[in-house]
Amino acid sequence: MSVIGEAALSAFFGKLFDNLTSADLLKFFQQEKVDADLKRWRTTLMKIHAVLDDAEEKQMTNRLVKIWLDELEDLAYDVDDILDEFATEALGRELNPEPKSKFLKIYDAWVGSNRSFGTLMRSKIKEIDTRLQEIVTQKNNLELRENAGLGRTGATRPRVPTTSLVNEGDIHGREEDKKAISQVVVKR
């Protein structure tokens, strides 16, 4: 994962935290009785987010950290997908609050789709819980430290600027080649 990928992942975590604390979604989470699970996700994701700076530094030298970051990114997208499903269901209920017709209730019972949205989502929540715990275990095994990219003052360590441009004043030993090229260009 590149530095840009890290910045994007960190920003994406911000979006996840906003979604997990959205007043509308929190109300819906409570209705579906999954608010405790999602609060636990938020706490766990905050702990994981705290080690992203250290993981960014270590991924260059430790392939396992890079793999961990890739798995974390996949998990973050899956969490976002589940939160989108909740938001979609909440909006659907807000737009269509009336109960189903008797015909639809009978049809749902007949085809076996009488399970509530919350029941359907519990298996997805359980899978995310398992994956989150695996990520935390791996984080601990990789010995990633919180805020490792910060100095004692709390400011981030300065990065050495990089460029692919060449400072011509620093080129040594090519004067003969420069003259030869200049003469060929002048002769044309």
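Look above for the structure.
Residues numbered from 1 in each chain as written. Predicted model: local features only at pLDDT ≥ 70, side-chain atom pairs only at ≥ 80, totals over all residues. Heavy atoms only, no water.

(A) Inspection of the side chain of Asp35 at higher detail. Along the chain, Asp35 falls in helix α3 (residues 35-49). Among buried Asp, Glu, Lys and Arg side chains, Asp35 stands out as unpaired, with Lys39 the closest opposite charge at 4.2 Å. (Helix = DSSP H or I, 4+ residues; strand = E, 2+ residues; numbered from the N terminus. Buried < 20%, exposed > 50% of the residue type's maximum accessible area, 1.4 Å probe, protein only. Lys, Arg positive; Asp, Glu negative; His and termini not counted. Salt bridge = Lys/Arg side-chain N within 4 Å of Asp/Glu carboxyl O.)

(B) Unusual backbone geometry, seen in detail. In this structure, Lys33 takes a positive phi of about 60° despite not being glycine. By the element assignment, Lys33 lies in the loop between α2 (23-31) and α3. On the basis of relative accessibility, which here comes to 63%, the residue Lys33 falls in the exposed class. Not every positive phi belongs to a glycine, and Glu143 is a case in point at roughly 55°. Counting through the fold element by element, Glu143 comes out in the loop between α7 (117-141) and α8 (175-187).

(C) A look at α3. Here α3 spans 21 Å end to end across 15 residues, near enough to the 21 Å set by a 1.5 Å rise per residue. Taken together, the buried positions of α3 are Asp35, Asp37, Leu38, Trp41, Thr44, Leu45 and Ile48. (Expected span 1.5 Å × (residues − 1).)

(D) Quick peek at the packing of aromatic side chains. Enumeration according to the criterion identifies four aromatic pairs in this entry. When the ring of Phe12 is compared with that of Tyr77, the centres are 4.7 Å apart and the planes differ by 45°; the resulting orientation is tilted. Note that Phe12 is positioned in helix α1 (residues 3-20) and Tyr77 in helix α5 (residues 63-95), a separation of 65 residues in sequence. Judged by its relative accessible area of 42%, Tyr77 is partly exposed. Members of the aromatic cluster, each reached through a chain of ring pairs, are Phe28, Phe29 and Phe86. (Phe/Tyr/Trp six-rings, centres within 6.5 Å; stacked < 30°, edge-to-face > 60°.)

(E) Region of the structure containing the nonpolar core. In terms of nonpolar packing, the biggest core is built from 37 residues, with Phe13, Trp41, Ile48, Trp68, Leu69, Leu72 and Phe86 touching the most fellow members. Counting residues per element, the ones that place at least two in this core are α1, α2, α3, α4 (52-58), α5 and α7. In this structure Trp68 touches Ile48, Val51, Ala55, Ile135, Gln138, Lys139, Leu142 and Leu144, once residues within four positions along its chain are discounted. (Core = buried A, V, L, I, M, F, W, Y, C linked by side-chain atoms within 4.5 Å. Contact = heavy atoms within 4.5 Å.)

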